[in-house]
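In case you want the letters, here they are:
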Amino acid sequence: MKKTISVAPMMDCTDKHEIFFLSLISKNVKLYTEMIVANAIIRGNRDKLLSFKKISNPVALQLGGSNPSELAEACKISENYGYQEINLNLGCPSKKVQKNKFGACLMSEPDLVAKCISAMTKATHLPITIKTRIGYNDVENFNFLKSFIQTTKDAGSKKFIIHARKALLKKLSPKENLNIPPLKYDFVYKLKDWFKNDEIIINGGVKTTNEIKNHLERVDGVMIGRAIYHSPYFLAEIEKEIFKNKNIPTRTEVMEKLIPYIQEQTEKGTQLNHIMRHTVGLFHGQNGSKIWKQYLSKNMCIRDADLQKVNHLMDQVRKTNPVSLER
Ligand SMILES: Cc1cc2nc3c(=O)[nH]c(=O)nc-3n(C[C@H](O)[C@H](O)[C@H](O)COP(=O)(O)O)c2cc1C
């Protein structure tokens, strides 16, 4: 089975602009959209929610929902937008999501989850996959996880992405639920030992290429969220170290390639800050990254920012090299 590296779905982070931006750094990672609610696709502006600029990276759509027929309809509608996979969110712990019965709380309703996956599978030729946690509330044991995964597999899920910590649905905020419950990678390794022929992807807390290499010894893929959102150029290291790609753009080249996209998108009415906000961490860890961040927050993370400001910033980067552009 081919090993994969993917960027995690993150609400308010992995929108279409972030997906395009990240594709400029890495051609090999798989990219997941933020969770889009099935009902929003059915009733909302479909093109706005689902369209994205074509790139060579595989892109997966993540759906939220728990109504089998709505999820099936959302799959049908989304099928022709260029996604390679549709993933069902069974791991998000937010209160709002729980109220609507999406995300991690569905781990307590495996029969309903099975109905959802089965309806989704019948509605589209795209592979349906799941992203879940190792447990929820007081439920954290391997037998539960194994049986939950088996249920989703029997219903048609083709891949299992496991955030290796449980969700405490009543006690913790969404942010705390990303940090406080301890990571238990052994649950995921054991799952792979049990489901030898199935694709098991590990997620949670991965920050270095060494960690990625270690996980790849035990599972089929690694999904990374915050480490890439906060420092997108980490993807360049992944390209170099994991995919053995020697042809990696510098940070400045990434920005140069983003400019035509910015032009195209702003002409269509996109606000510049909706794109530029994703580049804040591009120079993370470099000398002068503060200058980059400050310039962006002063000039671009505002509603009336325009392309001239980006060009001005890039002129500065090209001429005076205010940030260290070394890799
Ligand atoms: C800002 C933010 C938004 C998130 N939104 C989603 C989401 O829409 N769907 C989802 O399945 N997980 C979501 N997650 C969880 C991530 O996909 C991932 O499981 C989690 O951050 C752990 O991976 P990491 O330690 O590499 O960040 C979100 C996480 C963050 C930080």
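Refer to the structure above for everything that follows.
Being a predicted model, the structure only gives us computed values, none of them experimental. (Residues numbered from 1 in each chain as written. Predicted model: local features only at pLDDT ≥ 70, side-chain atom pairs only at ≥ 80, totals over all residues. Heavy atoms only, no water.)

1. Thoughts on the pattern of salt bridges
Applying the stated criterion across every chain yields a total of 11 salt bridges. R277 serves as the salt-bridge partner of D15, at 3.4 Å between the closest nitrogen and oxygen. Here D15 is found in the loop between β1 (4-7) and α1 (16-25), whereas its partner R277 is found in the loop between α13 (272-276) and α14 (289-300), with 262 residues between them in sequence. With a relative accessible area of 31%, R277 lands in the partly exposed category. Here K192 makes a salt bridge to D220, at a shortest N to O gap of 2.9 Å. Residue K192 is found in helix α8 (residues 185-194), and its partner D220 is found in the loop between α9 (209-216) and β8 (221-224); the two are separated by 28 residues along the sequence. Side by side, K192 and D220 carry an identical accessibility label, which is buried. Overlapping salt bridges, with partners in common, bring together K30, E85 and K159 in one network. (Salt bridge = Lys/Arg side-chain N within 4 Å of Asp/Glu carboxyl O. Helix = DSSP H or I, 4+ residues; strand = E, 2+ residues; numbered from the N terminus. Buried < 20%, exposed > 50% of the residue type's maximum accessible area, 1.4 Å probe, protein only.)

2. Quick word on the site of the ligand
Around the ligand, a shell composed of 17 residues is seen, among which P9, Q62, N203, G205 and R226 lie nearest. Within the side chain of R226, a nitrogen or oxygen atom sits 2.8 Å from an oxygen atom of the ligand. When the ligand is considered free in solution it has 610 Å² of accessible area, and contact with the protein chains removes 88% of it. Residues of the shell around the ligand, tallied by class, amount to eight nonpolar, seven polar and two charged. (Near = heavy atom within 4 Å. Polar contact = N/O pair within 3.5 Å; in protein donor to acceptor, adjacent residues only side chain to side chain. Areas by Shrake-Rupley, 256 points an atom, 1.4 Å probe, with all protein chains shown as cover. Nonpolar A, V, L, I, M, F, W, Y, C, P; charged D, E, K, R; others polar.)

3. Quick notes on the pairing of β8
Look at any regular strand and the pattern is simple: side chains alternate between the two faces of the sheet. On β8, burial covers both faces: G221 and M223 on one face and V222 and I224 on the other are all buried. In the sheet, strand β7 (residues 199-203) pairs with β8 via three bridges, with the strands oriented parallel. Residue I202 lies in a different strand from β8, and its bridge partner there is V222. Taken together, β7, α9 and β8 form a β-α-β motif whose crossover is right-handed. (Pairing = 2+ DSSP bridges. Right-handed = clockwise from strand over helix to strand, strands pointing away.)

4. Structural notes on the environment of K166
For K166, the position within the fold is in the loop between β6 (159-163) and α8. Considering only alpha carbons, one finds K166 and A104, 62 residues apart in sequence, at a separation of 9.0 Å. Apart from residues lying up to four places away in sequence, K166 is in contact with R133, I134, G135, Y136, N137, D138, E140, N177 and P181. There is a polar contact of 2.6 Å between the side chain of K166 and the backbone oxygen of N137. (Contact = heavy atoms within 4.5 Å.)

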